[in-house]
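Read off the chains here:
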Amino acid sequence: MAEAVLEYLDIASGRTYVDMTIGPGGHSQLILQNAPESFVIGIDRDEQALSMAQQRLAKFAGRFRLFHRRYSQLPQILEEMGIDKVDGILIDTGLSRDQMLDLARGFSFESTEGLDMRMDRSQKLTAYQVVNEYSARQLQEVLGSIGRRREVRKVANRIVSFREGSGPIRTTAQLAEIIAATIARPSKWGKKRHPATPWLMAIRIEVNNELQELKDGLHVAAEALLPGNGRLVVLTWAGHEHHLVRRELRALQKPSPSEPPAHPNAESPQPLIKYLTPKPLYPDEEEIRRNPAVRTCRLHAAQAV
Ligand SMILES: C[S@@+](CC[C@H](N)C(=O)[O-])C[C@H]1O[C@@H](n2cnc3c(N)ncnc32)[C@H](O)[C@@H]1O
């Protein structure tokens, strides 16, 4: 999908791009390599990811600047830099491989080191609090965010009864085991995928307020693009994200007036973007064969109008 990202971002020399989720810097490196004299503003809420990006991009010193922020804070960042509009914005949602594989972070079902799941380790809310302090009703809401409504109540009640009977749930591995013992394993899943995976993702989404961030991120991105040719590219990795991005990009294409017009001749709100991929792009079979992790990835693109 990397080539399609560069193509839809329409990268070219001398332009300014925002990598809203720079992670270890893979996409930014490609932009800086392929668009000479371009500049990248890199954002991540994870300080560890930023230091990896810093190292990886060191050879492009002077052509990028990194910010430890949430991407919904883009307007403040641009104001600090004295930049009004940018040529392209990339959002690559979710976790990096490094975050997932670092067992101390508690994202993986194999992690026995603590129920953390914070992307930004300076924030207060952790998965430990969500799992051990939320009521059954709150847990149902959290777990319902990824669909699978049939078993939501069962899983929420089991978490609560476990912690009442045996004390706090302390690790992601323990939580994954409790969930796996409560639900039916989806029959189409291969052996490699842990049955608790989507449920752990729902907890992670709550800890990092991911749905609101993504929604806000799309809106601030659409506002920050250079009218006419500015490009937005979004990579999503899970069903709930594919739907959210499609819904929000469609809404940005056809904004509905939030208030009735002040007078009958008042102009209706102008669309901010044109949705270039009403059908998101999929990785092809060859790419999935080379890198199976990419199979759930979808690419959405839009152009500022
Ligand atoms: C899939 S990784 C990005 C990988 C990157 N595109 C690359 O090529 O190396 C997603 C990154 O986004 C960061 N992230 C997720 N939500 C964020 C948010 N709301 N604000 C800032 N960073 C966020 C995560 O910490 C993670 O490092």
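The shown structure was predicted, so the numbers you read here are calculated from the model rather than taken from an experiment.

## Thoughts on unusual backbone geometry
Most peptide bonds take the trans form, and the phi angle of most residues other than glycine is negative.
Okay, so step 1: Its identity as a non-glycine residue notwithstanding, Glu37 has a phi of 65°, on the positive side.
Okay, so step 2: In this fold, Glu37 is placed in the loop between α2 (26-34) and β2 (39-44).

## Describing the site of the ligand
Okay, so step 1: The immediate surroundings of the ligand are formed by 19 residues, with Thr21, Gly23, Gly26, Asp46 and Asp92 found nearest.
Okay, so step 2: Secondary structure elements with two or more residues in the shell around the ligand: α2 and β2.
Okay, so step 3: For the shell around the ligand, the class distribution of residues is 6 nonpolar, 7 polar and 6 charged.

## A few points about the sheet that holds strand β1 (residues 16-19)
Okay, so step 1: Pairing within the open sheet is mixed, and its 7 strands lie in the order β3-β2-β1-β4-β5-β7-β6. For this open sheet the edge positions go to β3 (64-68) and β6 (273-275), each flanked by a neighbour on one side alone. This sheet shows a mean twist of 20° between the axes of neighbouring strands, independent of strand direction.
Okay, so step 2: Where β1 lies against β2, 4 bridges are found, and the strand directions are parallel. Note on β2: the bridge partner recorded for Asp19 is Gly42.
Okay, so step 3: The strands that helix α1 (residues 2-9) touches are β1, β4 (88-92), β5 (231-236) and β7 (298-304); relative to β5, the one it contacts most, it runs at about 155°.

## Examining the pairing of β3
Okay, so step 1: The pairing of β2 with β3 spans 5 bridges and is parallel. Residue Ile43 lies in a different strand from β3, and its bridge partner there is Phe67.
Okay, so step 2: The handedness of the β2 to β3 crossover, carried by helix α3 (residues 47-56), is right-handed.

## Re the nonpolar core
Okay, so step 1: Within the largest apolar cluster, 48 residues are counted, with the highest numbers of intra-cluster contacts made by Met20, Ile89, Ala221 and Leu232.
Okay, so step 2: Tallying contributions element by element places helix α11 (residues 210-224) first for this core, with 5 residues.
Okay, so step 3: Apart from residues no more than four positions distant in its own chain, Leu232 is found in contact with Ile89, Ala221, Ala222, Leu225, Ile273, Ala301 and Ala302.

## Some thoughts on α11
For an α-helix, 3.6 residues make a turn, and residues three or four places apart therefore share a direction.
Okay, so step 1: When the terminal C-alpha atoms of α11 are compared, their 20 Å separation across 15 residues agrees well with the 21 Å that a helix rising 1.5 Å per residue should span.
Okay, so step 2: Here the buried face of α11 lies against α4 (74-81), β4, α10 (197-207), β5, α12 (239-253) and β6.

## Notes on the environment of His243
Okay, so step 1: Assignment of secondary structure puts His243 in helix α12.
Okay, so step 2: On the neighbour-count criterion, His243 (12 C-beta atoms within 10 Å) is exposed.

## Let's talk about the environment of Leu139
Okay, so step 1: For Leu139, the position within the fold is in helix α7 (residues 136-144).
Okay, so step 2: Residue class for Leu139 comes out buried when judged on the 24 C-beta atoms lying within 10 Å of it.
Okay, so step 3: Each C-alpha atom of the pair Leu139 and Val152 lies 8.6 Å from the other, and the pair is 13 residues apart in sequence.
Okay, so step 4: Setting aside residues no more than four positions away along its own chain, Leu139 makes contact with Tyr134, Ala156, Ile159 and Val160.

## Quick look at the pairing of β1
Okay, so step 1: Regarding the hand of the β-α-β motif, the stretch spanning β1, α2 and β2 is right-handed.
Okay, so step 2: Alignment of β1 against β4, held across 3 bridges, turns out to be parallel. In the sheet register, Tyr17 faces β4, and the bridge partner there is Gly88.

Rules used throughout
- Residues numbered from 1 in each chain as written.
- Predicted model: local features only at pLDDT ≥ 70, side-chain atom pairs only at ≥ 80, totals over all residues.
- Helix = DSSP H or I, 4+ residues; strand = E, 2+ residues; numbered from the N terminus.
- Near = placed C-beta within 6 Å.
- Nonpolar A, V, L, I, M, F, W, Y, C, P; charged D, E, K, R; others polar.
- Pairing = 2+ DSSP bridges.
- Axes fitted to C-alpha atoms, helices over the stretch in contact; angles between N-to-C directions.
- Contact = placed C-beta atoms within 7 Å.
- Right-handed = clockwise from strand over helix to strand, strands pointing away.
- Core = buried A, V, L, I, M, F, W, Y, C linked by C-beta atoms within 7 Å.
- Buried ≥ 20, exposed ≤ 12 C-beta atoms within 10 Å, placed from the backbone.
- Expected span 1.5 Å × (residues − 1).

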